[in-house]
Amino acid sequence: MAQTQTSGLKQTRRAVLVADKIADTVITIGGVLVIAAVLGMMVFLVSEAIPLFKGGRVAAYSHYTVKKADSPVAGLSVDEFKTIAARVNRSGQVTAWHAPTGAPIKSPSFDLEHKQVTASAQAIDSRYMAFGFADGAVRFATIEPKTEVMNRRDLPSGLKTLDERDSTDGTTVYSLIPGNQIRKTWIELQLEEAIAMSPSARPIVAMDYRFSRFGERPTKALAAIDDQGAGTLLRAESKLNLFTGQVKTDVQKTDLPPLKNGVNIQHALVNELASSVYFAEKSGKVYRFNTRDVSDIRLAETTKVTPDSVDLNVFGYLAGEGSVVVGGSDGSVSIFFLLRRDGATTADGSMLVKTRAFEPQPSAVVAFSPGQQSKMFATADVAGGVWVRYGTSTNTLVKVKRSTVDSKSSERILLSPRSDGLLSMNATGAADLWELDIPHPESSLRTLFGRVWYEDYPEPSYTWQSTGATDAFEPKLSLAPLIFGTLKATFYSLLFAIPIALLAAIYTSEFVSPDVRGKIKPVIEVMASVPSVVLGFVAALVLAPVVENWIAAVLLAFVALPCSLIVAAYLWQLLPPPLALRIQGLPKLTIFFVVVLTGAYAAYWLGPTFERLFFDGNFKAWANGDRGGGAPFHFMMALPVVAIGVGAVVSRFFGARFSAYMKTLHPLNAAALDLARWLGIAAATIVISFVLAAGLQCLGFDPRGGFVGTYVQRNTLNVGFAMGFAVIPIIYTLAEDALNAVPEHLRAASLACGATVWQTAIWIILPTAVSGVFSAVMIGMGRAVGETMIVVMAAGNTPLMDMNIFNGLRALSANIAVELPEAPKDGTLYRVLFLTGLVLFAMTFVINTVAEIVRLRFRKRSMQL
Amino acid sequence: MRESGNGETVYHAKQGPEGSLLTIEDFSLWYSGKQALFDVSMQVEKGFVTALIGPSGCGKSTLLRAINRMNDLIAGLRTRGRILLGDTDIYNPSVDVIALRKAMGMVFQKPNPFPMSIAANVIYPLRVDGVRDKSILRETVERALRQAALWDEVKDRLQDNALGLSGGQQQRLCIARAIAADPDVLLMDEPCSALDPVATGKIEDLIDDLRGRYTIIIVTHNMQQAARVSDNTAFMYLGALIECGETSTIFTNPKVKKTMEYVTGRFG
Ligand SMILES: Nc1ncnc2c1ncn2[C@@H]1O[C@H](COP(=O)(O)OP(=O)(O)OP(=O)(O)O)[C@@H](O)[C@H]1O
Ligand SMILES: [Mg+2]
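Being a predicted model, the structure only gives us computed values, none of them experimental.

Engineer: I keep staring at the overall build of chain A and nothing clicks. Help me out?
Structural biologist: Across its full length, chain A holds 19 helices and 34 strands. Rg of the C-alpha trace for chain A: 38 Å, well past the compact-globule value of 29 Å for 865 residues, more than 25% over. By its C-alpha atoms, chain A is 120 × 95 × 60 Å across when sized along the principal axes. Per-residue burial for chain A yields a buried fraction of 50% across its 865 residues. Of the contacts formed within chain A by residues at least 6 apart in sequence, a portion of 61% connects residues at least 24 apart. For chain A, the separation between the mean place of its 78 positive charges and that of its 70 negative charges on side chains is 8 Å.

Engineer: So what exactly am I meant to see when it comes to the pattern of salt bridges here?
Structural biologist: Close approach of charged atoms allows side chains of opposite charge to pair. Residue and element names in this part refer to chain A. Under the definition given, this model contains 52 salt bridges over all chains. Arginine 210 serves as the salt-bridge partner of aspartate 208, at 2.8 Å between the closest nitrogen and oxygen. Note on aspartate 208: relative accessible area 6%, which makes it buried. Looking at arginine 210, the relative accessible area reads 5%, which means it is buried. Lysine 521 is paired through a salt bridge with glutamate 736; the nearest N and O atoms lie 3.3 Å apart.

Engineer: Would you take a moment to explain the sheet that holds strand S4 (residues 94–98) of chain A for this structure?
Structural biologist: Backbone hydrogen bonds are what pair the strands of a sheet, in a parallel or an antiparallel way. Residues and elements named next belong to chain A. Here we have four strands laid out as an open sheet, ordered S2-S3-S4-S5, and antiparallel in their pairing. The sheet is open, and its two borders are formed by strand S2 (73–78) and strand S5 (104–105), each paired with just one other strand. Judged from the five bridges that link them, strand S3 (residues 84–89) and S4 form a sheet pairing that is antiparallel. Bridged to valine 88 within S4 is valine 94.

Engineer: Could you clarify how one ought to interpret the domain arrangement of chain A in this entry?
Structural biologist: Accessible area lost upon the coming together of the parts is a frequently used measure of interface size. Residues and elements named next belong to chain A. Split into domains, chain A comes out as domain 1 (58–449) and domain 2 (480–629 + 702–864). Between domain 1 and domain 2, the C-alpha centre-to-centre distance is 58 Å. For the pair domain 1 and domain 2, the summed buried surface comes to about 520 Å²; carbon and sulfur atoms form 70% of the total. In terms of surface lost to domain 2, no three residues of domain 1 exceed His440, Leu448 and Phe449, which account for 84% of the buried area on that side. Here the side of domain 1 that touches domain 2 is built from residues that sort into three nonpolar, two polar and one charged.

Engineer: Hey, could you run me through the interface of chain A and chain B in this one?
Structural biologist: Of the residues lining the interface, 24 residues belong to chain A; the matching set on chain B comes to 24 residues. Buried area between chain A and chain B, both sides added, is near 2,100 Å², and the carbon and sulfur share of it is 69%. Ranking the residues of chain A by area buried against chain B places Ala752, Cys753 and Trp763 of chain A at the top, with a combined share of 26%. Our count for the chain A to chain B interface comes out at zero salt bridges. Run the count over chain A and chain B and you get three residue pairs in polar contact (both at pLDDT 80 or more). Where the side of chain A that touches chain B is concerned, the elements lending two or more residues are helix H7 (577–582), helix H10 (631–653), helix H14 (744–752) and helix H15 (757–768) of chain A. Per-class residue counts for the side of chain A that touches chain B are 13 nonpolar, nine polar and two charged.

Engineer: Explain the environment of glycine 647 of chain A to me, please; I cannot follow it from the model alone.
Structural biologist: Residues and elements named next belong to chain A. Locating glycine 647 in the fold gives a position in helix H10. On the basis of relative accessible area, glycine 647 is assigned to the partly exposed category, the value being 23%. For glycine 647 and threonine 254, which are 393 residues apart along the polypeptide, the C-alpha to C-alpha distance reads 77 Å.

Engineer: Help me out: how do you make sense of helix H4 (residues 134–147) of chain B in this one?
Structural biologist: Since there are 3.6 residues in each turn of an α-helix, residues three or four apart along the chain are aligned in direction. Residue and element names in this part refer to chain B. Helix length check: H4, at 14 residues, gives a terminal C-alpha distance of 20 Å against a target of 20 Å (1.5 Å per residue), a fit within 8%. Turning to H4, its buried residues are Leu137, Thr140, Val141, Ala144, Leu145 and Gln147. Burial along H4 is one-sided: seen end-on, the buried residues are contained in an arc of 155°. The exposed residues of H4 that point more than 90 degrees off its buried face are Arg138 and Glu139. Tucked inside the fold, the buried residues of H4 contact helix H3 (118–128), helix H5 (151–154), helix H6 (167–180) and helix H7 (197–210). Taken from the residues just after H4, alanine 149 is the one with a positive phi, measuring 55°.

Engineer: Just checking my understanding: could you explain the sheet that holds strand S19 (residues 276–281) of chain A for this structure?
Structural biologist: Residues and elements named next belong to chain A. If you walk across this open sheet you meet the four strands as S18-S19-S20-S21, and the pairing is antiparallel. Edge positions in the open sheet fall to strand S18 (265–270) and strand S21 (298–304), since each of these has one partner strand only. Taking the axes of each pair of neighbouring strands and ignoring which way they run, one obtains an average angle of 20° across the sheet. For S18 and S19, the ladder comprises five bridges, and the chain directions are antiparallel. Looking at the pairing, leucine 269 lines up with tyrosine 278 of S19.

Engineer: What am I meant to see in empty space enclosed by the protein here?
Structural biologist: To find leftover empty space, a probe the size of one water molecule is rolled over the atoms. Scanning the entire structure with this criterion turns up four cavities of 30 Å³ or more. The calculated volume of the largest cavity comes to roughly 60 Å³. Every residue along the wall of the largest cavity is listed here: Ala752 and Cys753 of chain A together with Arg101, Lys102, Met104, Gly105, Pro125, Arg177, Ala178, Ala181 and Pro183 of chain B. Of all the secondary structure elements, the ones that give two or more residues to the lining of the largest cavity are helix H2 (97–102), strand S7 (104–107) and H6 of chain B. Tallied by class, residues from the lining of the largest cavity come to seven nonpolar, one polar and three charged.

Engineer: Please explain the site of ligand 1 as it appears in this structure.
Structural biologist: Residue and element names in this part refer to chain B. Within the structure, ligand 1 sits among 13 residues, and Ser56, Lys60, Ser61, Thr62 and His221 are positioned closest to it. Between a nitrogen atom of ligand 1 and a side-chain N or O atom of tyrosine 31, the distance comes to 3.4 Å. Here an oxygen atom of ligand 1 and a side-chain polar atom of histidine 221 are 2.6 Å apart. Relative to its free-state accessible area of 640 Å², ligand 1 is covered by the protein chains to the extent of 65%. The biggest single contributor to the shell around ligand 1 is helix H1 (residues 60–67), with three residues. Class assignment for the residues of the shell around ligand 1 results in four nonpolar, six polar and three charged.

What counts, and where the lines are drawn
- Residues numbered from 1 in each chain as written.
- Chains lettered and ligands numbered in written order.
- Predicted model: local features only at pLDDT ≥ 70, side-chain atom pairs only at ≥ 80, totals over all residues.
- Heavy atoms only, no water.
- Helix = DSSP H or I, 4+ residues; strand = E, 2+ residues; numbered from the N terminus.
- Rg over C-alpha atoms; globule rule 2.2 N^0.38 Å.
- Buried < 20%, exposed > 50% of the residue type's maximum accessible area, 1.4 Å probe, protein only.
- Contact = heavy atoms within 4.5 Å.
- Lys, Arg positive; Asp, Glu negative; His and termini not counted.
- Charge placed at Lys NZ, Arg CZ, Asp CG, Glu CD.
- Salt bridge = Lys/Arg side-chain N within 4 Å of Asp/Glu carboxyl O.
- Pairing = 2+ DSSP bridges.
- Domains from an automatic or database assignment.
- Buried area = accessible area lost by both parts, 1.4 Å probe.
- Nonpolar A, V, L, I, M, F, W, Y, C, P; charged D, E, K, R; others polar.
- Polar contact = N/O pair within 3.5 Å; in protein donor to acceptor, adjacent residues only side chain to side chain.
- Expected span 1.5 Å × (residues − 1).
- Arc of directions from axis to C-beta.
- Axes fitted to C-alpha atoms, helices over the stretch in contact; angles between N-to-C directions.
- 1 Å grid on protein atoms, 1.4 Å probe; cavity = no way out; pocket = protein on both sides within 12 Å on 5 of 7 lines; lining within 4 Å.
- Points joined across faces, edges and corners; volume = space filled by probe spheres on them.
- Near = heavy atom within 4 Å.
- Areas by Shrake-Rupley, 256 points an atom, 1.4 Å probe, with all protein chains shown as cover.

Shown next, in the form of structure tokens:
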């Protein structure tokens, strides 16, 4: 009997053990999976973002020697797919070859009628060239690699195989491309008639040529200077008559004021708009003409861009023409911007400012090639080094070495049209071709997080602007404004949410009976179930216009609501005690709501008056800084601080005497006296705040430009309201739980000591639950940081870095949502968005971890109580 | 000896030299409809120690908490009758509950010091009263801790957290806190139930010490304790006051059979 009993007992135990074991395993596996999922996500985000910080590499390299040039090299050319490369000499001779192998390809040459070429120029788009002649004339030329895709069936026979992809019939290269198709590539030349440039028909010594299309109209800009220092600017615009099919070219030629005789101009520079022209001497002295207004052209600036005894060897634009690259004989490479400066001594108020310095090359820089679609460029030095750099980040992406070094430094380099190849060639015919793999040239730690001086910006800044209208647009990918936006939205929404949520938590946990709490708490928690897209939608489409219309009333409400509640509380004391005691629960709550509504109505009603008295009748104009002084806002900000100060002083010095005196009075009289005291404090507060505000204004402090400023409809105030609405229930619930978790016996002990409920809450309950409340706030903060829809819809998505509560912002999360459709897979923007996600993840992770650690500590501590 | 059950309380309490401080008159109390006290009437003599005894659930704590209106917080509570402190009815709506509680120190069954320093615990009742004078506060800490026989043990670590004290020390700290504001009445709800005999002994000595200075009402399940420390004893049963009399009489020669059964340990 006893035997069976024990064995029965054992059996049960085994079953329990098995169940326990299973539960244990399942839970462990689940936990490990969760951790693995989080880690996996992080690893994924990191792996997507890492390529952003990698430079470039050389994917393939070939070198060969082509026919020696019969005259100095005027330009290099290569097609988009790096199939055919060509060299144009000043004689007009064109030498073409198969780019990967160096095998010669036949090509026509320019017939320059044996005139002597004294200068040549090539646009950033390397197809467009110009020759300058000894007789002062200029001829435009085009060397265009043509391509055509055809079916493989149509491939002619008898081709010579160049490599596994390409074959040729001598003049055309046939490349096998995916889809069983063939791409034909050949070179076509065009040469235009001569245009006389030099006014006195002197040899052209330097010139620069830009080719662009303004609204499909091919537009040429050319600046040339002759050996006597006389410059000429030419602007030619070709218009196609849609009816006749005729092309009409408008040529506008303007002589520039001549430079003094004896200048030795080596470099010329002109922009597409032909609005500024530079001529530079070897010494580094630069003459800038402002040619915006052709009827009033003047030498705007004379400056020096290299130090003394350093020769200016490279002087050219990057794509977009915002940056002037300067390369010196000391190996230095830097970028100058033409910036409008207050106090500039130049004739047009702008000046060349050195804004970026690059890693210097070990010997004199002799050649330069700008990328066609980005701020990438390459520089070559005399010792054979060719460095590929990125203008925005100032990073050096790739460093390569030429196979042969030509002592005559007749080096020419060319970045291929897609910036994925680099061709180098000198007069001897020795050529190198590097295939470059630089997936994310524009990103670096500095451009992603640092302050960068962007083109056309007056100073270095943190800027986010991922896409622009043109190819030459400089992407500005600083995450700083986004991180700032996230923190700003979080800050203002917590500023709004924390006081409300904590006061509500204290109220329900300490002041109301459990059954009222049982009603209030679920109602507030239901707030959390409102989808944030609805909140964002309401904030953007309903709240924002209302707040904008009634901004003065909204501001006033921040004063009116607390005041109405305080006044109501004092009036409540005036009620006969039996009546006051009888009104409890719901009726009291109703009265409370009536008071709040009254306060809101008062704010609404007084709003216009308030706006007139404080903000000169127009808040938005005031916020802009157009009118009025800073005092009204100082006054508003000073109110709460001064009120606390005055209250503290009064209770410190008169408190004891006052309460002793109160005890001798009838309760109702005492209450009346109390109200009078409060009114006195309020009056004193107003007077002191006013004096303080006036004083601050006299001292020159103005809040505008800091926390307040220009009013925008989709602004942080609305985000604060909407996000506050989303965050309040979270903070409230968790804080309320923390407050409730404070053991009842502490509450009882405090009350038994004669403390009021309020004193108990502030001195006993809150300090005991402080870490729980803190973690509630942190979790609320985590929510605010990660919140997306509200900031997408209500914040205006302007990536700004100012604290102005009336301005918009762009948060990290919103940025991902907004930019994702514009980010092609594996592009830089795509990866930057992953990095944005990683930063966001890190922020919420840190915040939530801190919250969790504090919460655990709080749990341990409250166990001891 | 009388049978109980006729609803009449038997009184034979010792009269104090200074008369009675608290008068409870026909006091009944309902917890959301459920009656917990039935027409309790008694007088508490000033400067005396009055013990409340009775089986678990008979309403001792309820009565004690009714005296400083700690029951107010309970929803659905209803009372009838009067409790007079001096000659003011503490259930009169115009009575300032806060002031009332300040006049009554309370010690709970379980030591419940605040999670702050020892000194801060002691001066808490003064702090809520708005006393800020440092010298008064310092004097109070020393006086209350000396009266609570704790001074010598903690005088060197007044700024340490009170939760670091032993259970007995914590309870004496709570007593020090209860008497810090010099209340008229000290209400103690089973103050020794969580303590060992040595600590209990110390607290009993303390109560003995405080006799005369404070009017003490102590709830206890420990008959010997009631016999040792109290002057008068009230025996409650099922929410009603059965017998209220001189302690020696209650324990040696009770007038009601129920009391006799209880004190001799035949039930409860
Ligand atoms: N907050 C409350 N709500 C409802 N009923 C209560 C409440 N507190 C006590 N009671 C009930 O009132 C009666 C008296 O309780 P009380 O705590 O006064 O007993 P007690 O004599 O102190 O018992 P013990 O010796 O166990 O502490 C009990 O039946 C109890 O269930
Ligand atoms: Mg009890």
